[in-house]
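Each chain is listed here by its residues.
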Amino acid sequence: MSNRARLPAFAVALAALALSVGASDDGISGAVASPCISSAIALGQELQGETRLPHVLIVATGGTIASRAGSPENLSGYSVADTGEDLVAAVPAISDVARVTVEQYSNVPSTALAPADWVRIAQLINGALEPQEEGPFGDVDGVVVTHGTDALEETAFFLNLTVRSEKPVVVVGAMRPASAISADGPLNLLNAIRVAAHPSSRDRGAMVVLNQEINAARDATKANTRMVQTFAARGLGVLGVVDGDRPVYYRGTERRHTHGSEFDVLVLEPENLPRVDISYTYAGSDGTDVDAFVANGARGIVVATAGAGATTRGQSAALRRAFEAGVIVARSSRTGSGRVGSGRSRGGSVSADDLNPQKARILLMLALTITENPGEIQRIFNTY
Ligand code: ASP
């Protein structure tokens, strides 16, 4: 079945998603149901004569980029306040770069988004990027997702694995609220749209744009709690930069992604992604967490091992019990960069290569939608 044929079903699902949650830096501070989630506006409509401007779909989800505090000096005590339309209206220069349509998916801190949201956002974007004259958004040349930075890398990597298009998908956030002195959100948003609108951004996988840097969604991780230069691809470096009004690229994304992916998000039920948990290795860890994950239905466990795959004796025993119960165990590292070697069978576990634990979890969740064979799952970790 084509994406187009499936579109009505996911559009109905989206209509049920009405969600508007106030948030602070440290969590959700209130939740209000909103009657209209699908309030797309074509801000570039008056530019319809100038059809050469690319059309960029903005999927707004919330985060600090959409937040406001009581004073410009307050950089941490804020709540989600602005809609995607507000963010675009604050940057008039966007109208020189692209025609934009805003889809307000949610307005929440990123930790309020769950795996079911990844599926729904990926379904929305897949539907939008399908060529269609009479689809919900018309022809879309690229997508920008505005997102809180705390869990941004998780949504970005999920999109990298599930959006089946060569068209650019860019995830953007900000470290300072929209009300701050030197707020970084407006320039980050403009740069994200520049990247999404530019032909040289095609076929690079999903990307993360903040602080004038373009990172691969596979590689980027949030590496600082407060600084605007927080996203880093440790040991690998940026794909490129936004210099002046355009992206400049220095390297490509080698691993399989987006249109080359074998994962079909259109057949997934949002609430039914397989449960995968993360077990952290530390001195004396005794495997209590592993046993609890298995008891609660985990089908996979990613281990944030010490170094390049090491676990404690107690944790190893619990992982062996999990493996014997049919749970897939994948070894990642808590170090922040570098590979966990493959080819060596450690209690039946697979290697997560250089993916950090939260990204290894996402790939294992998707892998488990198509296979439970450890050899096949190792192939998937070696491929994406
Ligand atoms: N609390 C924010 C979030 O939603 C942090 C941020 O956006 O920078 O992730």
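Since this is a predicted model, take the numbers as computed values, not measurements.

What follows covers the overall build of the protein. When its secondary structure is counted, the protein shows 10 helices and 19 strands. Here the protein, with 384 residues, has 54% of them falling under the buried criterion. Long-range pairs, those at least 24 residues apart, make up 73% of the contacts in the protein with a sequence separation of at least 6.

For the rest of this paragraph, the subject is the side chain of Ser333. Inspection of the secondary structure puts Ser333 in strand S18 (residues 328-333). On the basis of relative accessible area, Ser333 is assigned to the buried category, the value being 9%. At 2.6 Å, the side chain of Ser333 forms a polar contact with the backbone oxygen of Gly307. A distance of 2.9 Å separates a polar atom in the side chain of Ser333 from a polar atom in the side chain of Thr335. Excluding residues within four positions of it along the chain, Ser333 makes contact with Val303, Ala304, Thr305, Gly307, Val340 and Pro357.

Taken together, 9 residues lie near the ligand, and Thr64, Ser110, Gly148, Thr149 and Asp150 sit nearest. Taking Thr64, its side chain carries an N or O atom lying 2.9 Å from an oxygen atom of the ligand. Contact with the protein chains hides 97% of the accessible area of the ligand, taken as 260 Å² for the molecule alone. Here the residues of the shell around the ligand are counted per class, giving 2 nonpolar, 5 polar and 2 charged.

Contact geometry for helix H9 (residues 357-367) and helix H10 (residues 374-383): axes closest at 10 Å, N-to-C directions at 135°. Our classification of the angle between H9 and H10 gives oblique. In the packing of H9 onto H10, the handedness of the crossing is right-handed. Residues Ala360, Leu363, Leu364 and Ala367 of H9 form the contact with H10, whose own contacting residues are Ile377, Ile380 and Phe381.

When H10 is considered as a whole, its buried residues turn out to be Ile377, Gln378, Ile380 and Phe381. Buried residues of H10, seen end-on, are gathered within an arc of 155° and therefore sit on one face of the element. The distance from a side-chain oxygen at the start of H10 to the backbone nitrogen of Gly375 is 2.7 Å, and the residue carrying that oxygen is Asn373.

With that settled, consider the layout of surface pockets. A water-sized probe, rolled over the atoms, reveals where empty space remains. Put simply, the largest pocket is a space of about 550 Å³. If you trace the largest pocket, you find 31 residues lining it, with Asp219, Gly336, Asp354, Leu355 and Asn356 closest to the centre. The element contributing the most residues to the lining of the largest pocket is H9, with 3 residues. When the residues that make up the lining of the largest pocket are grouped by side-chain class, the tally is 7 nonpolar, 12 polar and 12 charged.

About the criteria used
- Residues numbered from 1 in each chain as written.
- Predicted model: local features only at pLDDT ≥ 70, side-chain atom pairs only at ≥ 80, totals over all residues.
- Heavy atoms only, no water.
- Helix = DSSP H or I, 4+ residues; strand = E, 2+ residues; numbered from the N terminus.
- Buried < 20%, exposed > 50% of the residue type's maximum accessible area, 1.4 Å probe, protein only.
- Contact = heavy atoms within 4.5 Å.
- Polar contact = N/O pair within 3.5 Å; in protein donor to acceptor, adjacent residues only side chain to side chain.
- Near = heavy atom within 4 Å.
- Areas by Shrake-Rupley, 256 points an atom, 1.4 Å probe, with all protein chains shown as cover.
- Nonpolar A, V, L, I, M, F, W, Y, C, P; charged D, E, K, R; others polar.
- Axes fitted to C-alpha atoms, helices over the stretch in contact; angles between N-to-C directions.
- Parallel < 35°, antiparallel > 145°, perpendicular 65-115°, else oblique.
- Left-handed = near helix turned anticlockwise from the far one by under 90°.
- Arc of directions from axis to C-beta.
- 1 Å grid on protein atoms, 1.4 Å probe; cavity = no way out; pocket = protein on both sides within 12 Å on 5 of 7 lines; lining within 4 Å.
- Points joined across faces, edges and corners; volume = space filled by probe spheres on them.

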